[in-house]
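Spelled out from the first residue to the last, the chains are:
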Amino acid sequence: MTVMAPLIDVTLRGLLGRRRTLLLVLLVGLPVFISLLIRISGGHPNADRVLDTLVVRTVMPLVALIVGTAAIGSEIEDGTAVYLMIKPIPRWKIALSKGLVAAGLTAALVIPAVVLTGFLIGTQADTTTTIVGFAVACLVGGSAYAVAFMALSVFTSRALLLGLAYTLIWEGVLAGLLEGTKFLSIRQATLGLAAALGVDVPGEPLVPLVSIAVLVVVLVGGFLLASWKLARFEIRGGD
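Computed from a prediction, not measured in an experiment: that's the story for all the values here.

A.B. asks: Before we move on, could you go through the nonpolar core and cite the residues and values that matter?
C.D. replies: Formed by 56 residues in total, the largest nonpolar core has its most connected members in Val63, Ile94, Val114 and Phe134. Elements represented by at least two residues in this core include exactly helix H1 (4–15), helix H2 (18–41), helix H3 (47–78), helix H4 (81–85), helix H5 (91–121), helix H6 (127–155), helix H8 (186–196) and helix H9 (208–231). Tallying contributions element by element places H3 first for this core, with 13 residues. If near-sequence neighbours (up to four positions away) are discounted, Val114 is found in contact with Leu51, Val55, Ile131, Phe134, Ala135 and Cys138.

A.B. asks: Tell me about the pattern of salt bridges, and name the residues and values.
C.D. replies: Tallying each qualifying case throughout the model produces 4 salt bridges. In this structure, the salt-bridge partner of Asp52 is Arg57, at a minimum N-O distance of 2.8 Å. Of the residues examined, Arg57 reaches a relative accessible area of 30% and is grouped as partly exposed. The residue Lys98 makes a salt bridge to Glu75 at a minimum N-O spacing of 2.7 Å. Here Glu75 lies in helix H3 and Lys98 lies in helix H5, a separation of 23 residues in the sequence. One exposure class covers both Lys98 and Glu75, and it is buried.

A.B. asks: Outline a nonpolar patch on the surface, listing residues and values.
C.D. replies: A contiguous nonpolar patch, built from Phe183, Leu184, Val207, Leu209 and Val210 and spanning about 470 Å² of accessible area, is present on the exposed surface. Mapped onto the elements of the fold, Leu184 is located in the loop between helix H7 (159–177) and H8.

A.B. asks: Describe the layout of surface pockets, listing the residues and the values that go with them.
C.D. replies: Looking at the largest pocket, its volume works out to about 330 Å³. Of all the secondary-structure elements, those providing two or more residues to the lining of the largest pocket are H2, H3 and H7. Considering only residue class, the lining of the largest pocket consists of 9 nonpolar, 6 polar and 2 charged. By volume, the second largest pocket amounts to about 190 Å³.

A.B. asks: Tell me about the packing of H2 against H5, and name the residues and values.
C.D. replies: At a closest axis distance of 9 Å, the pairing of H2 and H5 adopts a crossing angle of 5°. The pairing of H2 with H5 is recorded here as roughly parallel in orientation. Residues Leu24, Val28, Pro31, Val32, Ser35, Leu36, Ile38 and Arg39 of H2 form the contact with H5, whose own contacting residues are Leu109, Ala113, Leu116, Thr117, Phe119, Leu120 and Ile121. For the contact of H2 with H5, a count of residues per class yields 12 nonpolar, 2 polar and 1 charged.

What counts, and at which threshold
Residues numbered from 1 in each chain as written. Predicted model: local features only at pLDDT ≥ 70, side-chain atom pairs only at ≥ 80, totals over all residues. Heavy atoms only, no water. Core = buried A, V, L, I, M, F, W, Y, C linked by side-chain atoms within 4.5 Å. Buried < 20%, exposed > 50% of the residue type's maximum accessible area, 1.4 Å probe, protein only. Helix = DSSP H or I, 4+ residues; strand = E, 2+ residues; numbered from the N terminus. Contact = heavy atoms within 4.5 Å. Salt bridge = Lys/Arg side-chain N within 4 Å of Asp/Glu carboxyl O. Patch = residues over 30% accessible without salt bridge, like charges linked within 9 Å, V, L, I, M, F, W, Y side chains within 5 Å. Areas by Shrake-Rupley, 256 points an atom, 1.4 Å probe, with all protein chains shown as cover. 1 Å grid on protein atoms, 1.4 Å probe; cavity = no way out; pocket = protein on both sides within 12 Å on 5 of 7 lines; lining within 4 Å. Points joined across faces, edges and corners; volume = space filled by probe spheres on them. Nonpolar A, V, L, I, M, F, W, Y, C, P; charged D, E, K, R; others polar. Axes fitted to C-alpha atoms, helices over the stretch in contact; angles between N-to-C directions. Parallel < 35°, antiparallel > 145°, perpendicular 65-115°, else oblique.

These figures come from the coordinates and say nothing about function on their own.
So this is what it looks like as structure tokens:
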């Protein structure tokens with residue numbers, strides 16, 4: 001842990017640059033702002049649907065994409081990762097520290113948005129169950145997204161584009177049309193976990209066991225793949 005603490009600190013400070021922080025705050029503030037407008041206008045939408053649409057399907061994957069791909073991908077792109085790789089630090093510890101920061105920062109940004117949006121939209125009858133269910137589901141699902149995108153950024157410099165394609169095209173369109181492919185969607189696994197916690201999600205969610213299995217596979221698999229790739233990261237003599 002003494003080795004990982006400086007890695008976590010450096011990664012966190014690198015992620016929280018002024019422009020990126022502003023973008024992330026604006027992004028997570030969007031569902032809260034929309035909910036506030038709805039509340040002021042006197043609307044009474046279903047809290048489950050609002051959190052599903054604004055947070056799980058939109059804000060959570062985008063926040064995780066920004067954070068996850070920048071956790072180590074930006075260092076690899078600008079060459080500063082070399083200074084980290086030449087140090088006698090096990091590569092799996094680098095992957096673990098990057099994954100922890102990406103997952104933790106995603107959760108720290110998304111969960112408050114879930115709570116505030118739920119309180120603004122929900123009623124006394126459904127607020128607690130909805131907020132708790134979505135908060136727990138987003139904690140696990142957001143972490144899975146962040147670790148997956150972190151691992152993707154180790155393999156390719158186009159992780160941001162590929163991540164957008166996955167969230168917008170695969171999860172946004174194809175996974176909904178091809179019923180047999182839902183288990184390949186982090187979003188569907190997140191909704192399945194939320195449903196298991198008492199949230200009323202649209203459609204037929206994945207069963208709890210499958211949802212948990214998908215999220216665990218993504219978390220563990222992302223860490224293992226990132227560790228494997230970093231262990232084979234070669235530093236050329238001219239670097």
